[in-house]
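This is what each chain is made of:
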Amino acid sequence: MDPPAAKRSRGGPSGPEERDARAGAARGRGRPEALLDLSAKRVAESWAFEQVEERLSRVPEPVQKRIVFWSFPRSEREICMYSSLGYQPLEGEHDARVPFTRGLHLLQSGAVDRVLQVGFHLSGNVREPGGPGEPERLYHISISFDRCKITSVSCGCDNRDLFYCAHVVALSLYRIRHARQVELRLPISETLSQMNRDQLQKFVQYLISAHHTEVLPTAQRLADEILLLGSEINLVHGAPDPTAGAGIEDANCWHLDEEQIQEQVREMLRMQDSNGARMLILMTEQFLQDPRLALWRQQGAGMTDKCRQLWDELGALWVCVVLSPHCKPEERAGWLQLLCKWDKLEVCPLEEGNYAFDGPSLQPTVAPSSGPSPESAPGGGSWPYPPPEPAHRAALGPCPPGPEVEAAGSRHTVFSRALQAGELHWNDAHLQRILASDTYGPSLKGNVGGDKLTFDSQGRPLWLGEPFPTACARVDTLRAHGYPRQALRLAGAMVNTLRLQRRHQLESYKQQKKELLQKGSTCITNTEGWVGHPLDPIGCLCRALLEACRLEEETLSLYPDEGSEKRKVAYQHVPVPGSPGESYFAMALEVALLGLGQQRALPEGLYAQDKVVRNEEQLLALLEEVELDERLVQVLRKQAGLLLEGGPFSGFGEVLFRESVPMHTCARYLFTALLPHDPDLAYRLALRAMRLPVLESTFPAGEPHPNPLESIMSNRFPRWFILGHLETRQCELASAMLMAAKGDPKWLHAVLGSVQQNIHSPALLFKLAQDACKTAAPASVPPDTTLLGIALELGLQVMRMTLNTMTWRRREMVRWLVTCATEIGPQALMNIMQNWYSLFTPVEAATIVAVTGTTHATLLRLQLDGPQREELWACTRTLALQCAMKDPQNCALPALTLCEKNQAAFEAAYQIVLDAAAGGLGHAHLFTVARYMEHRGLPLRAYKLATLALAQLSIAFNQDSHPAVNDVLWACSLSHSLGRHELSAIVPLIIRSVHCAPMLSDILRRWTLSAPGLGPLGARRAAKPLGADRAPLCQLLEAAVAAYITTSHSRLTHISPRHYGDFIEFLGKARETFLLAPDGHLQFSQFLENLKQTYKGKKKLMLLVRERFG
């Protein structure tokens, strides 16, 4: 491409018209643009690559490359817009600060290198000169694109601005201006598909070796998931390819870092900048114009997770804006008007889940005593209170909903909570005093009853009368608008209120405990969960409390980015004014545990459930970064005890609602944290949390669900979309307890009982058993026999659960069980052999258990003496005989093999085969055992079984390719080798079972080539071969001739001219057989005459017969 014009040397980008004009001029000087490129351009602009692949079964490689080539943006104006948002410098002013200009200078200075395009992914390096005395900096940039739009960017400079950085600009401009210099490869999945297994393994191992510090944990996790049948990764067809372009349903819009925009809005609100609300309005209107909203609504499909998270954050931001404590009434009215308009749009996203909008208050609403408003907030900064409202609006809590909210009452959109927030106020006297002072307490004068309703028994303020999430939204709003001290005071009052509520709940539970325990179940007491709630109330309180304790100057991130380098945040204990011995740090831990341990119903909808899991994991990730000192350990122990005693209000209580959210993930954190300080409490808490109520009420303890090797799917529990994830977390909790209890038989057996009662997925139980076995028997260390026994017991349970569900994993499970039993000792191995019928199928027991249990390696591992080895062999033979009796068809041969060294057992196995033959054992299995007998040097027994097999066989005249042909020929050869007596006995069986003329003539010819072998009594070999015209072969000859005659008539009935040649060849073979008889020539001539008379209408065929045979 041509270099930029002089006009653009100052940073102005070239537009599409200008660039297309230059391209057209270039084409005018040379050849016209290829039709492939013209077509690829149009496709690249408007079609997702997935759509191309759906329309064409195979896209040729040259076509793929041209589509990929033209899919990158072609206009520099678009790069300029998204890197500078249309920034225009003043006339004559140099715009060197603008990322586009800086990127252009980097490009022109040759700072871009190692540019590679793999599919729809562009990468490269940009070298930027350092400042005086600083080294040159190297940045790695990655850009994904689709349909001529950049859809995501990543740069090593870790840019935290709203716009593209200069390095992204430089790489993008390089691709636009020097497109044909960029190395272009097809999507990586295309390359991988050309590799064989060895090449793929080498590729993966080299990749891990090159980046082992970064990708090894991820690689191991993915390998574990792939090997685990029923895992989420195995339920999805194929695998993601970040270089393969976008899907049809994927967003096709220019990348804009919505997270950074949201942070910018919050920063503006914190600085009380009115532009924050204006930017939020622009964002909301822009996102409401997303065409996918209408498409998703028409199709009834859910949003992508990224879009849903964006709308959740927008809703929360609007709550902060509308609930602003310092906005003017006219401003709030304007925002509410906009929100009401957006709320009524058909495409407005709904809030997913079953969260209540008018949920129960922490305590009944009360009207506190009124009093004068303080003029300023202690601690600096005036506290802007709105003017007092009329007396009838002075009650604490949300005011009666206005017409806007009532109109939206039929459906709850992401803006419904913001509309509700518009009805809240800040002029309550009690609220004002809480926010204004750290030492606010009950008055010495006035209405004592009123004070009792607004303070706890220790004189600390309470905040009652509105739903907990709404009250927490106030805390978040205060922080967002730059009032951190006021937010902290209200958060403290909220914690006091939560403690009072918990005290009342415990008292209520004690009164009803006996009745509830007898009933064994409860209805849900919390209509909406606090973890995963759209307003994130637990997170709001934790942020406010931890912010006061943070030592670092950086902004606290409650949910650290998993992709970035994690750095522990240092906290300190900050005393709570008016509460001796308390700290905000301990309060934060208490609030987090209270929210995580709340018994709550699982919300409806896939995203809402996924959000519960994600929010829970984020909160726990925060707690895991906190280093527990003695003070926090005491808080942890106290809260754990309260959770166990919480009854129906706690997820760890003794009675649970059937569809309450399980506590496995929270319990695992508590178990790990408490174990060094209070093991008894740690185990009691974790064992209580092992329950999964939705399964316990459906399947009795120890019974598998319908598809045992998979997690229970959504067709049986349509609301529990995340059940597979929850079962995995349950297994991880059990594994943590088993590993920790190594060496402690008391807790090991307690954990085993809980696992057997609560885990219903055999695949997860098997993984748990494997992990326990590895932990129990490490290399070069004496094994933990108790833990090995636990592993074996879990394996036995898996065997029982999956006995009637055959799957490829059963073979692996059976082999592992034998190995585990071997580690324990010979008695364990013999026990599973003796009880095989409840654990294995006969085939598994005879071919895997018995064989593996007696291999040379197993015997060496067991280190048995002579009597012990014989005892094990006797047990194995008994097992084999039992399996053969149960399933002779599949187990007879393995039983004979295992019993070879014991004459009595071998005779018993042989008798089982004979009895089974009378009972209908198939000829194929009888022939197999007969060949085995011949191989062992027992020809007479082989002959006996062969005759039994022939008695069940029937080969029709046209079945010359019957699967038993080789077996019949082998049986004839065996009888011939034994002698004339055996041959004579088998001839009638052959005649009765085989009706195929070529096969009969083949047998006859084989028997006439040599004399029969020794007979059963050792008689001498006959002097000469048997004649076909003499007994016992004359009967076989007659049968063969008759078969040829019958088959000929049968074939002629429906013969077509194209088969005339085959029939003539058939007659030639028939003549050879006829001629074996003394009067064979005469018989064949009569046979031909009969054919000519009977089928004289087939003139052409009869002419061919005359030409060949006369």
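Check the entry above for the structure.
Residues numbered from 1 in each chain as written. Predicted model: local features only at pLDDT ≥ 70, side-chain atom pairs only at ≥ 80, totals over all residues. Heavy atoms only, no water.

Undergrad: Teacher, can you tell me more about the overall build of the protein here?
TA: Each helix and strand counted, the protein has 49 helices and seven strands in total. Within the protein, the fraction of its 1110 residues that count as buried is 49%. Carbon and sulfur atoms make up 54% of the accessible area of the protein, which amounts to about 53,500 Å² in all. (Helix = DSSP H or I, 4+ residues; strand = E, 2+ residues; numbered from the N terminus. Buried < 20%, exposed > 50% of the residue type's maximum accessible area, 1.4 Å probe, protein only. Areas by Shrake-Rupley, 256 points an atom, 1.4 Å probe, with all protein chains shown as cover.)

Undergrad: Which parts of the structure should I look at to understand the pairing of strand E1 (residues 112-118)?
TA: Looking down a regular strand, the side chains alternate between one sheet face and the other. When E1 meets strand E2 (residues 121-128), the two strands line up antiparallel, connected through five bridges. Following the sheet pairing, Val 118 is matched in E2 by His 121. Here E1 folds back onto E2, and the loop between the two strands holds two residues, one of which, Gly 119, carries a positive phi near 60°. Both E1 and strand E5 (residues 183-185) contribute to a ladder of three bridges, which runs parallel. Residue pairing for E5: Gln 117 is matched across the bridge by Leu 184. (Pairing = 2+ DSSP bridges.)

Undergrad: In this structure, what is going on with the side chain of Arg 147? I would like to understand it.
TA: Positionally, Arg 147 belongs in the loop between strand E3 (137-146) and strand E4 (149-155). Polar side-chain contacts of Arg 147 include one of 2.8 Å to the side chain of Asp 146. (Polar contact = N/O pair within 3.5 Å; in protein donor to acceptor, adjacent residues only side chain to side chain.)

Undergrad: In this structure, what is going on with the environment of Gln 572? I would like to understand it.
TA: Along the chain, the position of Gln 572 falls in the loop between helix H23 (537-547) and strand E6 (575-576). Not counting chain neighbours up to four residues away, the residues in contact with Gln 572 comprise Cys 549, Leu 551 and Phe 585. (Contact = heavy atoms within 4.5 Å.)

Undergrad: Could you clarify how one ought to interpret the side chain of Ser 123 in this entry?
TA: The residue Ser 123 is located in strand E2 in this model. Among the residues examined, Ser 123 registers a relative accessible area of 13% and is labelled buried. Residues in contact with Ser 123, not counting those within four places in the same chain, are Arg 114, Val 115, Leu 116, His 140, Ile 141, Ser 142 and Leu 171.

Undergrad: What's the story with unusual backbone geometry in this structure? I'm lost.
TA: One can expect most non-glycine residues to show negative phi and most peptide bonds to be in trans. Cis peptide bonds are those with omega within 30 degrees of zero, and the linkage from Ala 1031 to Pro 1032 qualifies with 5°. Structurally, the position occupied by Pro 1032 is in the loop between helix H45 (997-1009) and helix H46 (1033-1053). A positive phi angle, near 55°, is found at Arg 114, a position not held by glycine. Backbone geometry places Arg 147, a non-glycine residue, at a positive phi of 50°. Arg 147 gets classed as buried once you look at its relative accessible area, which sits at 11%.

Undergrad: Just to check I follow, could you spell out helix H21 (residues 468-480) for this structure?
TA: Side chains three or four residues apart in an α-helix point the same way, a direct result of the helix having 3.6 residues per turn. Compared with the 18 Å implied by 1.5 Å per residue over 13 residues, the 18 Å span of H21 between its first and last C-alpha is a close match. Among the 13 residues of H21, 13 are classified as buried, and the element is accordingly described as predominantly covered. Just downstream of H21 lies Gly 482, where phi reads positive at about 85°. (Expected span 1.5 Å × (residues − 1).)

Undergrad: What am I meant to see in the packing of helix H42 (residues 939-951) against helix H43 (residues 965-978) here?
TA: At their nearest, the axes of H42 and H43 sit 10 Å apart, and the two run at 135° to each other. When the axis of H42 is compared with that of H43, the two are oblique. Pair H42 / H43 crosses with left-handed handedness. Within the contact between the two elements, H42 uses Pro 939, Leu 940, Ala 942, Tyr 943, Ala 946 and Leu 950 and H43 uses Val 968, Trp 970, Ala 971, Leu 974, Ser 975 and Leu 978. When the residues that make up the contact of H42 with H43 are grouped by side-chain class, the tally is eleven nonpolar, one polar and no charged. (Axes fitted to C-alpha atoms, helices over the stretch in contact; angles between N-to-C directions. Parallel < 35°, antiparallel > 145°, perpendicular 65-115°, else oblique. Left-handed = near helix turned anticlockwise from the far one by under 90°. Nonpolar A, V, L, I, M, F, W, Y, C, P; charged D, E, K, R; others polar.)

Undergrad: What's the story with the sheet that holds E3 in this structure? I'm lost.
TA: Hydrogen bonding along the main chain pairs the strands of a sheet, whether they run parallel or antiparallel. In spatial order, the strands read E4-E3-E2-E1-E5; together these five strands make up an open sheet with mixed pairing. Whereas interior strands pair on both sides, the edge strands pair on one side only; in this sheet they are E4 and E5. On average, each strand axis in the sheet is tilted by 20° relative to the strand beside it, whichever way the strands run. Pairing of E2 with E3 involves eight bridges; the strand directions are antiparallel. By the bridge assignment, His 121 is partnered in E3 with Ser 144. The strands touched by helix H6 (residues 99-108) are E1 and E2; relative to E2, the strand with the most contacts, the crossing angle is about 85°.

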